[in-house]
There are 2 protein chains.
Amino acid sequence: MVTIKDVAKVTGVSPSTVSRVIADNPRISPDTKKKVRKAMKELGYHPNVNARNLVAKSTKAIGVVMPSSADKALQNPFFPEVLRGIGSITHQMQYSMTLSSGETEDENFAEVERMVYGSYVDGIILLYSRVNDRIMSFLREKRFPFVIVGKPHEHINEITHVDNDNFTAGKEITAHLINEGHERIAFIGGSRDLFVTRDREAGYENALLEANLAVRKDYLIHTEFLKSGGREAVAKLLSLEVRPTGIVVSDDLMSLGVLSTLEELGLQVPRDISLVSFNNVYLSEMTSPALTTVDIQIYQLGAQSAKALIEKTKSKDEPEKRIIIPHQIIYRDSVGSI
Amino acid sequence: MVTIKDVAKVTGVSPSTVSRVIADNPRISPDTKKKVRKAMKELGYHPNVNARNLVAKSTKAIGVVMPSSADKALQNPFFPEVLRGIGSITHQMQYSMTLSSGETEDENFAEVERMVYGSYVDGIILLYSRVNDRIMSFLREKRFPFVIVGKPHEHINEITHVDNDNFTAGKEITAHLINEGHERIAFIGGSRDLFVTRDREAGYENALLEANLAVRKDYLIHTEFLKSGGREAVAKLLSLEVRPTGIVVSDDLMSLGVLSTLEELGLQVPRDISLVSFNNVYLSEMTSPALTTVDIQIYQLGAQSAKALIEKTKSKDEPEKRIIIPHQIIYRDSVGSI
DNA sequence: CTGTTAGCGCCTTCAG
DNA sequence: CTGAAGGCGCTAACAG
């Protein structure tokens, strides 16, 4: 391994001078800089991060925690997409990103502990937001920089987070259905432990209320679509005497399941029933019919959270903030008018 | 930050003793060990990785390179799933994983350079296998430990890789179609630059040959399903005078697109046409009909590659090997008999 | 503008 | 069984 000393020796200067050249210190003569740089090239010198981190007490690395993968939800294309967004910023800022994807919450917790105690990373991004999250409490208590993608359960003003306005998104997409003449609209969401679900659902209800439409308990379903229970729930919904004519589904991937359940039941979308959902992942335009869905700009969710986190790690007194990424309805073919 | 010295001071021993306790050195008396460990707990001591790496010249971290995300293929649920597999091993072995997901190949290359030159990681996993890959050449040249998930283009016996037997898988799944009475079978695959596509396609052809069925050029399509061109290609296939009765699609995600194109064209699966594919990602059981597909054990692909890589980094003269993960056909509802 | 010195936190001889 | 000393590669005062 080529070190700073080797370069120094070859160039005939001291190690510290080389170090200064690396940092592009202005007090070094252009001449020496040139000379040193040339030597670095020739020797194939590259600074050793560990040594540098050791003295700098910073790692230029951020940790990313995925939800514990017990929930198969991890196969959601949402994740590669946020990672891409985060990666774009880390790359640009010359940071690196350390991923933690534990099977269980305990595993994730252990990894986070390692990351912060071992100073593996300067800050952490949480790719989920659950009620009463141990990891979040830990990070807060340790005053370790972190941001969450989504909306924190508590201390909402004391935790930097990047989110969509899911309430409004839910409201708007439901309103779209209403505008198309629908009056009986159901909601199918994932676990209520997740804040996204709650917000989107609240928006849905609000739209109904504002349009003076009834909010019916039996039009509300929460399922994970892992167990076949999901399908049964949908089947039950559709066997109601007064069947809904439209459904708001809280996630594109779930929509896929809903779509096929509907088809099994012999219902055509959008002729017999309309469907809208959220995320606008790649597959939402590949279903048949293509989904009318809310584009939440997943990539931006990742990029902005990385940016916010890095800023935070750089100056400890950066204020906690809330960053809302705009959303937009993408109109496709899963909605019919009445 | 609590250091080894603090622990030493409190315990009344020397720093080196503490260091030995950490390493669980057998030459330390049980008594001192107990004492030191207690102090570590109380002070909340955790070793600093950077300091440790600096002297150990090892990072206990592996780098994972995703394909450049220009191809939207990144939204394939394949990726979160391999990452899960890798993560299970890194966690278990107390390693960390650094992710690189560049927009372009250049970006990825730059990141890899950083990783190896800066000694960020001890080894690298490549999550793709493309012909003439710069990154792979670089790694080989530098003799830096790496393994690839998939099959290398060249030097196949000199590069450790973890793959499925995609040829056989392609053959078997095609044979299944043939057994069900199909004689006119088409193949829709992704880019031929990717080895998976080639292998699966070769298996498909071989099955046809062995059954004395014609291999028709116009039954072969390569597309990425990003451009609407994909749909056109399928449409063209189906407008052939002699239409295929079965299609082998090289990836579940693509199948989704094929499925909806078929539906648009008014064809029912499996009544009018049968469909099989590969990967068995979560969504393959959520389509309608659910897909008959080859389970390639993505999770294992990830886990085994991590395991192999870590072994390699531990002993430089670990032989290069090829690890084949078994596959299995999952029978669902997308195939009909003739 | 540049060299010298010290030290980041840890591990590893080498003594004892 | 344990301590002292030196060094991993780099940076940051402090001198000049």
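Residues numbered from 1 in each chain as written. Chains lettered and ligands numbered in written order. Predicted model: local features only at pLDDT ≥ 70, side-chain atom pairs only at ≥ 80, totals over all residues. Heavy atoms only, no water.

If you check an unreviewed UniProt entry, chain A appears there as LacI family DNA-binding transcriptional regulator from Virgibacillus salarius.

Engineer: An account of the overall build of chain A is needed here, citing residue identities and associated values.
Structural biologist: The helix and strand tally for chain A stands at twelve helices and twelve strands. Relative to the 2.2 N^0.38 estimate, which gives 20 Å for 338 residues, the radius of gyration of chain A is 25 Å and therefore markedly larger than a compact globule would have. Each of the three principal axes of chain A carries a C-alpha extent, and together these read 90 × 35 × 35 Å. When each of the 338 residues of chain A is scored for burial, the buried share is 56%. The contacts in chain A between residues at least 6 apart in sequence include a share of 69% that link residues at least 24 apart. Just so you have it, chain A exposes about 14,400 Å², and 49% of that area is on carbon and sulfur atoms. (Helix = DSSP H or I, 4+ residues; strand = E, 2+ residues; numbered from the N terminus. Rg over C-alpha atoms; globule rule 2.2 N^0.38 Å. Buried < 20%, exposed > 50% of the residue type's maximum accessible area, 1.4 Å probe, protein only. Contact = heavy atoms within 4.5 Å. Areas by Shrake-Rupley, 256 points an atom, 1.4 Å probe, with all protein chains shown as cover.)

Engineer: Explain the pattern of salt bridges to me, and be specific about the residues and the numbers.
Structural biologist: Inspection of the entire model under this criterion finds 32 salt bridges over all chains. With a closest N to O distance of 2.7 Å, B:R134 and B:D106 form a salt bridge. With B:R134 in helix α7 (residues 134-142) and B:D106 in helix α6 (residues 105-117), this pair connects stretches of sequence that are 28 residues apart. The exposure class assigned to B:D106 is exposed, which follows from its relative accessible area of 52%. Of the charged contacts, one joins B:D272 and B:R271 as a salt bridge, the two residues approaching to 3.0 Å between their closest N and O atoms. Its relative accessible area of 29% is what places B:D272 among the partly exposed residues. For B:R271, a relative accessible area of 61% corresponds to the exposed category. Three or more residues are tied together by salt bridges with common partners; here these are A:D24, A:K33 and A:R37. (Salt bridge = Lys/Arg side-chain N within 4 Å of Asp/Glu carboxyl O.)

Engineer: Which residues make up the protein's contact with DNA strand C, and what values do they have?
Structural biologist: Residues in close proximity to DNA strand C total 26 residues, the closest being A:S16, A:T17, A:R20, B:I4 and B:Y45. Of all DNA strand C atoms lying within 4 Å of any protein atom, the proportion belonging to sugar or phosphate reaches 62%. Residue B:I4 places a main-chain N or O atom 2.6 Å away from a phosphate oxygen belonging to DNA strand C. In the model, a phosphate oxygen of DNA strand C is placed 2.9 Å from a nitrogen or oxygen of the B:S19 side chain. Breaking the surface near DNA strand C down by element, the ones donating at least two residues are α2 (15-22) and α4 (49-56) of chain A together with α1 (4-11), α2 (15-22) and α4 (49-56) of chain B. Considering each element in turn, the surface near DNA strand C owes the most residues, four residues, to α4(B). Considered class by class, the residues forming the surface near DNA strand C number ten nonpolar, ten polar and six charged. (Near = heavy atom within 4 Å. Polar contact = N/O pair within 3.5 Å; in protein donor to acceptor, adjacent residues only side chain to side chain. Nonpolar A, V, L, I, M, F, W, Y, C, P; charged D, E, K, R; others polar.)

Engineer: Break down the nonpolar core for me, citing the residues and quoting the values.
Structural biologist: Counting 140 residues, the largest nonpolar core has A:I125, A:L127, B:I125 and B:L127 as the members making the most contacts within it. Ignoring any residue separated from it by four or fewer positions in sequence, one finds A:I125 in contact with A:I62, A:G63, A:V64, A:V65, A:I86, A:V147, A:V149, A:S305, A:A306 and A:L309. (Core = buried A, V, L, I, M, F, W, Y, C linked by side-chain atoms within 4.5 Å.)

Engineer: Give a description of the pairing of strand β11 (residues 322-325) of chain B that names residues and reports values.
Structural biologist: All names here are of chain B. By the alternation rule, side chains of β11 split into I323 and I325, which are all buried, and R322 and I324, of which none is buried. Across four bridges, strand β5 (residues 161-164) lies against β11 in parallel orientation. Across the sheet, residue N164 finds its bridge partner in β11, namely I325. (Pairing = 2+ DSSP bridges.)

Engineer: Could you give an account of the sheet that holds strand β7 (residues 220-222) of chain B, with specific residues and numbers?
Structural biologist: All names here are of chain B. Taken together, the six strands give an open sheet; going across it, the order is β7-β6-β8-β9-β10-β12, and neighbouring strands pair in mixed fashion. Across the chains shown, the open sheet's two edge strands, defined by having one partner strand only, are β7 and β12 (328-330). Pairwise comparison of adjacent strand axes, ignoring direction, gives a mean angle of 20° for this sheet. With three bridges connecting them, strand β8 (residues 246-249) and strand β9 (residues 274-279) associate as parallel partners. Bridge assignment links G246 to a residue of β9, and that residue is S274. In the packing of helix α8 (residues 166-179) onto the sheet, the strands contacted are β6 (185-189), β8, β9, β10 (292-295) and β12, and the crossing angle to β9 comes to about 160°. (Axes fitted to C-alpha atoms, helices over the stretch in contact; angles between N-to-C directions.)

Engineer: Hey, could you go over the packing of aromatic side chains for me, with residue numbers and the actual values?
Structural biologist: If you walk through the whole model with that rule in mind, you get eight aromatic pairs over all chains. Between B:F109 and B:F138 the ring centres are 5.4 Å apart and the planes differ by 70°, which places this aromatic pair in the edge-to-face class. Pair noted here: B:F109 is in helix α6 and B:F138 is in helix α7, with a separation of 29 residues, a long-range link. Accessibility assignment for this pair places B:F109 and B:F138 in one class, buried. The interplanar angle of 35° and the centroid separation of 5.2 Å between the aromatic rings of B:F187 and B:Y204 together place this pair among those described as tilted. Separated by 17 residues along the polypeptide, B:F187 in strand β6 and B:Y204 in helix α9 (residues 195-210) bring together distant segments of the chain. Among the aromatic residues, ring-to-ring pairing joins A:F109, A:Y117 and A:F138 into one connected group. One residue, B:R134, lies across the ring of B:F109, its end atom 3.9 Å from the ring centre. We note B:R216 situated over the ring of B:Y219; from NZ or CZ to the ring centre the distance is 4.3 Å. (Phe/Tyr/Trp six-rings, centres within 6.5 Å; stacked < 30°, edge-to-face > 60°. Lys NZ or Arg CZ within 6 Å of the ring centre and 35° of its normal.)

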